[in-house]
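In case you want the letters, here they are:
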Amino acid sequence: MTKKIHFGWFSQYAGPVGFNNPKATEGADWRQPDMYQKMAQICEKGKFDFALFADHLGISSDSGKSIDSHVLQGVTVCHDSTVLAAMVAAQTNHLGVGATLSTSLTLPYQLARQLASLDHLSKGRVAWNIVTSYSKSAFDNFGHDSVPEHDARYDQADEFMELCYQLWNSWEKDAVVMDKESGMFADPSKVKPIHFEGDYYKCAGPLNMVPPVEGKPVTIQAGSSDRGMEFASRWADAVIVAKQTVDDMKIYYDSLKGRLHKYGRNPEEVKVLFIIKPIFAATEELARQKAAEPVSDYDLHRAISQLSTRMNRDLTQLDLDEPVPTMSEKEITGGQTTLSRHQTQGQRPTLRQIATKEVVGNNLDIVGTPEQVADQLQLIMETIGGDGFVLRVNPHEHQYMQEFVDMVVPVLQQRGAMRAEYTGHTLRDNLLEY
Ligand SMILES: Cc1cc2nc3c(=O)[nH]c(=O)nc-3n(C[C@H](O)[C@H](O)[C@H](O)COP(=O)(O)O)c2cc1C
């Protein structure tokens, strides 16, 4: 049977990334909601599962020196993703809407309530991208003296999740009665305090909002480290991950799915989604020409700033055309596999090569006509076992997404490899549809 593929849109920058880009849709203004809403509507037309917005809690500096290069380029200047997700939910009907919220720099009660609210307001379409945050500036902004160690952030996140789930469960399923005649809103015997006391948090409960539509929002996570994968296998409904080769994808997929039984979870209920941005055109030759287009110096340097942020390392001092020195994952306090995923199989790419890959985003080098791209996407899914892809496309790149939806999606739909209509009502329904 043809394997069906899930698709999501990941907006890595809900900020000024496209403000000077000649390819940006005319009049698109990153500060206004229209640009994101229009993009989400395109994704909905393509029957995607969700749109997910990244978020950052401070303007990063390169190795704690200065924020100037980030301010200059607008890197890590961005909308609050929860507010943005709400604006997008208001202009869509089926698409899931994901906000990024930090377990290290948010209070569980506040987050549990906010997401419960947004889940109702969006009719069960909310997703939470669970991050632990890694940037020093973010921790500085929230009054911390230092960034807690990588694994310790995940330990705290475990407790954060336990508390959120207790809050969402603080109302029994049938607690809300809303009986017009008696005037009874909810049965007090079914709404209970939780009296949570952990190593990091203390919370009385119950939540002053009814639980999310399906008990809890859809959770997404992007950990690639061993500790991150352990966290994801315990808590996430979907995992998004960038890998450079199909072999690495398969290793990740098998490892993640293999961990689920430990937490009593079924491999089918957690979706692994790989980040891609295929390059396609009406003919193979045109697609190859597109793939060979050089990236601008501006984009290259912006990518280096972003990589520096993700790794908590100043890469701007390295020679662009020398191989990037290997670093042990323990040395990197942010995304530990940011570098190693480019250095697999003994490869030692230069900073220019790595940054170019980050700009282009075409992990796995998927290039060709819409049919050839569909062939490759299907083959990858067959090879690794599932479950889907996330297109990492900037919010001003409407043309790219429109072409993907008009050219590649119909091919997959005709082959039965993608839904032709939404069948579920909630994001969870859609994710669990296949
Ligand atoms: C696709 C993707 C999106 C991410 N989005 C965010 C984000 O918006 N904000 C953030 O603080 N971290 C973000 N991260 C960082 C992850 O939450 C995580 O810290 C990172 O992947 C490193 O985890 P690891 O050390 O367990 O591999 C993202 C990572 C990936 C791969």
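Residues numbered from 1 in each chain as written. Predicted model: local features only at pLDDT ≥ 70, side-chain atom pairs only at ≥ 80, totals over all residues. Heavy atoms only, no water.

Within an unreviewed UniProt entry, the label attached to the protein reads NtaA/DmoA family FMN-dependent monooxygenase, and the organism entered is Paenibacillus agricola. According to UniProt, the comment filed for the protein under the heading Sequence similarities (unreviewed entry) is "Belongs to the NtaA/SnaA/DszA monooxygenase family." (UniProt positions renumbered as here; feature names shortened; annotations may be inferred.)

In the vicinity of the ligand there are 20 residues, among which Asp55, His150, Tyr154, Ser224 and Ser225 approach most closely. In this structure, Ala222 approaches the ligand through a main-chain N or O atom, which is 2.8 Å from an oxygen atom. Considered on its own, the ligand offers 620 Å² of accessible surface; in the complex 88% of this is hidden by protein. Every element with two or more residues in the shell around the ligand is listed here: β4 (126-131) and α6 (150-168). In terms of residue class, the shell around the ligand is made up of eight nonpolar, 11 polar and one charged. (Near = heavy atom within 4 Å. Polar contact = N/O pair within 3.5 Å; in protein donor to acceptor, adjacent residues only side chain to side chain. Areas by Shrake-Rupley, 256 points an atom, 1.4 Å probe, with all protein chains shown as cover. Helix = DSSP H or I, 4+ residues; strand = E, 2+ residues; numbered from the N terminus. Nonpolar A, V, L, I, M, F, W, Y, C, P; charged D, E, K, R; others polar.)

Our focus in this paragraph is helix α1 (residues 34-45). Residues spaced three or four apart along an α-helix point in a common direction, a consequence of the helix completing one turn every 3.6 residues. With 12 residues, α1 extends 16 Å between its outermost C-alpha atoms, agreeing within 8% with the 16 Å of an ideal straight helix rising 1.5 Å per residue. Within α1, the full set of buried residues consists of Met35, Tyr36, Gln37, Met39, Ala40, Ile42, Cys43 and Glu44. Against the buried residues of α1 lie β1 (6-11), β2 (50-53), α3 (81-89) and α13 (398-414). Where α1 ends, the next residue or the one after it, Lys47, has phi of about 60°, a positive value. (Expected span 1.5 Å × (residues − 1). Buried < 20%, exposed > 50% of the residue type's maximum accessible area, 1.4 Å probe, protein only. Contact = heavy atoms within 4.5 Å.)

Here we come to the sheet that holds strand β10 (residues 238-241). An order of β1-β2-β3-β4-β9-β10-β11-β14 is seen for the eight strands of this closed barrel, with the pairing classed as parallel. Direction aside, neighbouring strands of the sheet carry axes that sit 30° apart on average. With four bridges joining them, β1 and β2 adopt parallel strand pairing. Across the sheet, residue Gly8 finds its bridge partner in β2, namely Phe50. Along the sheet, helix α8 (residues 246-259) contacts β10, β11 (271-276) and β14 (388-392); its crossing angle with β11, the most-contacted strand, is approximately 155°. (Pairing = 2+ DSSP bridges. Axes fitted to C-alpha atoms, helices over the stretch in contact; angles between N-to-C directions.)

What follows is about the pattern of salt bridges. A full pass over the atoms with the stated rule returns 25 salt bridges. Glu358 serves as the salt-bridge partner of Arg392, at 3.6 Å between the closest nitrogen and oxygen. Pair noted here: Arg392 is in strand β14 and Glu358 is in helix α11 (residues 351-360), with a separation of 34 residues, a long-range link. Classification of Arg392 by relative accessible area gives buried; the value is 16%. For Glu358, a relative accessible area of 8% puts it in the buried group. Within this structure, Asp155, Asp158, Glu162, Arg227 and Arg234 form a network of salt bridges that share partners. (Salt bridge = Lys/Arg side-chain N within 4 Å of Asp/Glu carboxyl O.)

Among the nonpolar cores identified, the biggest contains 87 residues, and Phe48, Trp128, Leu377, Phe389 and Phe404 are the most heavily contacted of them. Sort the elements by how many residues they give to this core and α6 lands first, with nine residues. The contact partners of Phe389, leaving out residues within four places of it in the chain, are Ile5, His6, Phe7, Gly8, Met249, Leu273, Phe274, Ile276, Leu377, Ile380 and Met381. (Core = buried A, V, L, I, M, F, W, Y, C linked by side-chain atoms within 4.5 Å.)

Take the packing of aromatic side chains next. Inspection of every chain in the model, using the stated rule, returns 16 aromatic pairs. Residues Tyr36 and Phe53 carry aromatic rings whose centres are separated by 6.3 Å and whose planes lie at 80° to one another, so their mutual orientation is edge-to-face. Here Tyr36, found in helix α1, pairs with Phe53, found in strand β2; they are 17 residues apart in sequence, far enough to count as distant. With respect to burial, Tyr36 and Phe53 carry one shared label: buried. Over the face of the ring belonging to Tyr400 we find Lys277, whose NZ or CZ atom lies 5.2 Å from the ring centre. (Phe/Tyr/Trp six-rings, centres within 6.5 Å; stacked < 30°, edge-to-face > 60°. Lys NZ or Arg CZ within 6 Å of the ring centre and 35° of its normal.)

It is worth spelling out the side chain of Ser135 at this point. Within the fold, Ser135 resides in the loop between β4 and α5 (136-141). Within the local environment of Ser135, its side chain forms a polar contact with the side chain of Ser137, the two groups lying 2.9 Å apart. Discounting chain neighbours no more than four positions away, the residues touching Ser135 are Ser60, Val147 and Asn312.

A word on the pairing of β11. Counting buried positions along β11 yields six of six residues, so the element is predominantly enclosed. The alternating pattern of β11 places Lys271, Leu273 and Ile275 and Val272, Phe274 and Ile276 on opposite faces, both of which are buried. When β10 meets β11, the two strands line up parallel, connected through four bridges. Opposite Ile240, over in β11, you have Leu273 as the bridge partner. A crossover connection joins β10 to the parallel β11 through α8; in handedness this β-α-β unit is right-handed. (Right-handed = clockwise from strand over helix to strand, strands pointing away.)

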